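Below are the chains, spelled out letter by letter.
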There are 2 protein chains.
Amino acid sequence: MSLNHRPIDVAVLGCGTVGSEVVRLVQASAADLRSRVGAPLALVGVAVKDVTAPLALAGLDPALLTEDAVGLARRADVVVELIGGIEPARSAILAAFESGASVVTANKALLASHGPELYGAAERAGVDLYFEASVGGAIPILRPIRESLAGDTITRILGIVNGTTNYVLDRMTGEGLELDDAVRQAQELGYAEADPTADVEGFDAASKAAILASLAFHTRISADDVYREGISGVSRADVAAASATGHVIKLLAIVERRADGVIARVHPALVPLEHPLASVRGAFNAIYVEAEAAGELMFYGRGAGGRPTASAVVGDLVTVARHKVSATLGPGESTYLSLPALPVTAALTRFQIRLVVKDQPGVLAAVSRVIADEGVSIEAVRQTPGSHGAGLADLTVVTHRAAEGALAKTVAAVAGLDVVAEVAGVLRVEGD
Amino acid sequence: MSLNHRPIDVAVLGCGTVGSEVVRLVQASAADLRSRVGAPLALVGVAVKDVTAPLALAGLDPALLTEDAVGLARRADVVVELIGGIEPARSAILAAFESGASVVTANKALLASHGPELYGAAERAGVDLYFEASVGGAIPILRPIRESLAGDTITRILGIVNGTTNYVLDRMTGEGLELDDAVRQAQELGYAEADPTADVEGFDAASKAAILASLAFHTRISADDVYREGISGVSRADVAAASATGHVIKLLAIVERRADGVIARVHPALVPLEHPLASVRGAFNAIYVEAEAAGELMFYGRGAGGRPTASAVVGDLVTVARHKVSATLGPGESTYLSLPALPVTAALTRFQIRLVVKDQPGVLAAVSRVIADEGVSIEAVRQTPGSHGAGLADLTVVTHRAAEGALAKTVAAVAGLDVVAEVAGVLRVEGD
């Protein structure tokens, strides 16, 4: 490989936590990156919101700064988009493609909502669109799915893809905190935004689920196709009950290939302690992949943060820059299967239903009968004295796999029983 | 991408456990693979040792079989080498390159001993050499190192890369078996060969360490550069002592980047229970990667077996076939750093030294003084009554990080003390 190729012009759009680390890495590792790319990387500009605002990054030539992201995107061979959100990120990426630039982005929301448009524009322009950092931060997961597993059939992915909620649930488990206190702690440590809705309500995880499903199943799944339930309904009591039965609660992004389509969903779930995902602590992420030939695989690492995310971004940058040098392209969108997105009611899941019941003979029989009448089969029942006062007991029912659609009906039927004082919690059980 | 490209001719050399699964996958997934490659894959031949021997694979056209691996290698666009060992695998691969074919192989021994020769021949021929299955079986690890982490600086890799020894150590830990009994169990289950030397003595892991070090550090490291110590010296007592201090014993392949070179080594080590590698059970593999920006990553999955290994092989096959269709190449050998391989004595490690000592005052002081005199700093000392008869006690010393070279001298000095009856075990401690 000749090292005499002309420099590859790189534009970085956005200079926040990730952007400033990308610029720092590109400058600090210039010699290594030159050897790996086969040409030097030349930083031709950094787009920021306000050129007069102070930068986190020391030593950046102020002449490189611009507020015109779209204009800058037209002046580079490779555009690194780290603005986030839909606009102006989308316009800048489309402008980059129009002028023949390849694009690296970490923008999960944009990909999950406008993926086909971006892929189409990249293909028409004959350029690359890479986005490893959009799922799992530093964890190499999209390239393994797109390329390493291209000889296999992926059947299911279970992912802990949101570090904020994993941190929150971990604190609730480890310290017995209530959700609000754990969220506050995460905010103090910088793991959660001032407005934590996108994380806590599962929007972030749903975008990532859409990206994972599209790549794994060679079809188009958007964020709107993903069933979404956040962790705001998870209580300290739920966490304690999970521990009592050898589980931890995790917010999972689950995408499954079914004969008739794809189910993508995000919701909290009980995971058995023996499952590799159960020991993913703090703000770490992990993606558990099930494939027909490979069996079970897990990819673990830091799912967020400036430096880890920058690692993934610059890894993509090296790849697309190398493609520029050798005038080649990586794999584009693969949607040859065009599978329909199925509703969450098509999923088969196990449920744990926690009930407060009257402490009297025949309760277990009554509850069991009603559940069986809904066509749901019971795996285990556990009755404990409980802490709800005299005459009441806790009853926990774990079902075998049953249709999601049967869940609501089952819970309603159980709640209607005279002997049931309260349905204290309903959670899915995954990873068995 | 046009689907009208002429078929890509594929030759499979070797039709054992992995080879027959590769042939099966290529045939069973023909439609999917065609869409992913952009052209059909045409199986033009399967090389076997004896064309009259019965095959594990049903339905394979006998006309495809040949005993002439080298001749077959000249008749394909892509050659999948699964013969193993040095010859005739090496000659067949070189013949493939000469005739313009790309090669996919799982042959760790060949790569670790003849890597530069093969890379050189591939580069001269302008073809691809891919070998994901050579390390970690189904686990995508080489592509993430070569490509996903190309923007980062890998500092260290700790790998459980041999499923046989992990299974054996796991049985010793879980069931309190002695090594020989655990090996026999592994043989009965097909996890260990009739002659288990390559696994038990760490030769297999050393080949994989050489491959990992070469890719991670952009330099040439061969199996001969790897310090190697197997698990044959690990006793049930070692395993029990490790458990008592919150550790498990794992056979680790460790490759480290130092300012002045690379250290590659394979040896058993105590791993703290909290470390992600500690919970890797049975015959599973896991590779733990430390990189400057990404932080810690772990890749987990099935490290052996026909179907998992075939998943990685066919993944590579799709990639190199796609390159044939688009007339491009993947990244070649990257050795721009040319770092020297350093001896194991340059490593800094922690040791756990188990001693049987006389149960009398002043023993601890005497042992501590001798260790300090060798320049080794002690982290913890634990004295327990022991089971060695009256007047004797167990003394376990854990050191801080110290030069490997100080280990032998320290142990010799301690062994020479009057108060020390026996040096019962010396093991490194890693992953803290």
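Residues numbered from 1 in each chain as written. Chains lettered and ligands numbered in written order. Predicted model: local features only at pLDDT ≥ 70, side-chain atom pairs only at ≥ 80, totals over all residues. Heavy atoms only, no water.

*Asks:* Which residues make up the sheet that holds strand 5 (residues 102–105) of chain B, and what are the values?
*Replies:* All names here are of chain B. With parallel pairing, the six strands of this open sheet are ordered in space as 3-2-1-4-5-6. The sheet is open, and its two borders are formed by strand 3 (65–66) and strand 6 (129–130), each paired with just one other strand. Note: strand 5 against strand 6, two bridges, orientation parallel. Residue pairing across strands places V103 opposite L129, the latter belonging to strand 6. Sitting on the sheet, helix 1 (residues 17–28) is in contact with strand 1 (8–13), strand 2 (41–47) and strand 4 (78–81), with an inclination near 160° to strand 2. (Pairing = 2+ DSSP bridges. Helix = DSSP H or I, 4+ residues; strand = E, 2+ residues; numbered from the N terminus. Contact = heavy atoms within 4.5 Å. Axes fitted to C-alpha atoms, helices over the stretch in contact; angles between N-to-C directions.)

*Asks:* Go over the packing of helix 2 (residues 30–37) of chain B against helix 12 (residues 306–326) of chain B with me, naming the residues and quoting the values.
*Replies:* Residue and element names in this part refer to chain B. The interhelical angle for the contact between helix 2 and helix 12, taken along N-to-C directions, is 45°, at an axis separation of 9 Å. With respect to helix 12, the element helix 2 is oriented oblique. Two packed elements cross with a definite hand, and for helix 2 against helix 12 that hand is right-handed. Here helix 2 contributes L33, R36 and V37 to the contact with helix 12, which in turn contributes V314, V318, A321, R322 and V325. Taken together, the residues of the contact of helix 2 with helix 12 break down into six nonpolar, no polar and two charged. (Parallel < 35°, antiparallel > 145°, perpendicular 65-115°, else oblique. Left-handed = near helix turned anticlockwise from the far one by under 90°. Nonpolar A, V, L, I, M, F, W, Y, C, P; charged D, E, K, R; others polar.)

*Asks:* Run through the domain arrangement of chain A, naming residues and quoting values.
*Replies:* All names here are of chain A. Under the domain assignment, chain A is made up of domain 1 (8–138 + 306–326), domain 2 (142–302) and domain 3 (347–429). On a C-alpha basis, the centroid separation for the pair domain 1 and domain 2 is 27 Å. Taken together, the contact pairs 19 residues of domain 1 with 19 residues of domain 2. Each partner contributes to the roughly 1400 Å² buried at the junction of domain 1 and domain 2, and carbon and sulfur atoms together form 60% of this total. Among the ionic pairs, D204 bridges to K108, the shortest N-O distance being 3.3 Å. In this assembly, domain 1 and domain 2 are joined by seven residue pairs in polar contact (both at pLDDT 80 or more). Among the secondary structure elements, those contributing two or more residues to the side of domain 1 that touches domain 2 are helix 5 (108–125), strand 6 (129–130) and helix 12 (306–326). Counting residues per element, the side of domain 1 that touches domain 2 draws most heavily on helix 5, at six residues. (Domains from an automatic or database assignment. Buried area = accessible area lost by both parts, 1.4 Å probe. Salt bridge = Lys/Arg side-chain N within 4 Å of Asp/Glu carboxyl O. Polar contact = N/O pair within 3.5 Å; in protein donor to acceptor, adjacent residues only side chain to side chain.)

*Asks:* Mind laying out the relation of the copies chain A and chain B, listing which residues take part and the relevant values?
*Replies:* Under the fitted operation, chain A is carried onto chain B by 0.0 Å of movement along the axis and a turn of 180°, and the coordinates agree to an RMSD of 0.0 Å. Taken together, the turn and the small shift mark the pair as related by a two-fold rotation axis. Closest approach to the rotation axis among the C-alpha atoms of chain A is made by F299(A), whose C-alpha sits 2.4 Å away. (Least-squares fit on C-alpha atoms with pLDDT ≥ 70 in both.)

*Asks:* Could you give me a rundown of the pattern of salt bridges, with the residues and numbers involved?
*Replies:* Residue and element names in this part refer to chain A. Enumeration over the complete set of coordinates arrives at 52 salt bridges over all chains. Between R171 and E175 there is a salt bridge whose closest N-O contact spans 2.5 Å. Here R171 and its partner E175 are both found in helix 7 (residues 163–175), four residues apart, which amounts to about one turn of the helix. You can call E175 partly exposed: its relative accessible area is 42%. Where R220 meets E333, a salt bridge forms, and the shortest distance between an N and an O atom there is 2.9 Å. Of the two residues, R220 sits in the loop between helix 10 (203–217) and strand 8 (227–228) while E333 sits in the loop between helix 12 and strand 13 (348–358), which places them 113 residues apart along the sequence. Salt bridges sharing partners connect three or more residues here, namely R156, E256, R265, E290 and E430. (Buried < 20%, exposed > 50% of the residue type's maximum accessible area, 1.4 Å probe, protein only.)

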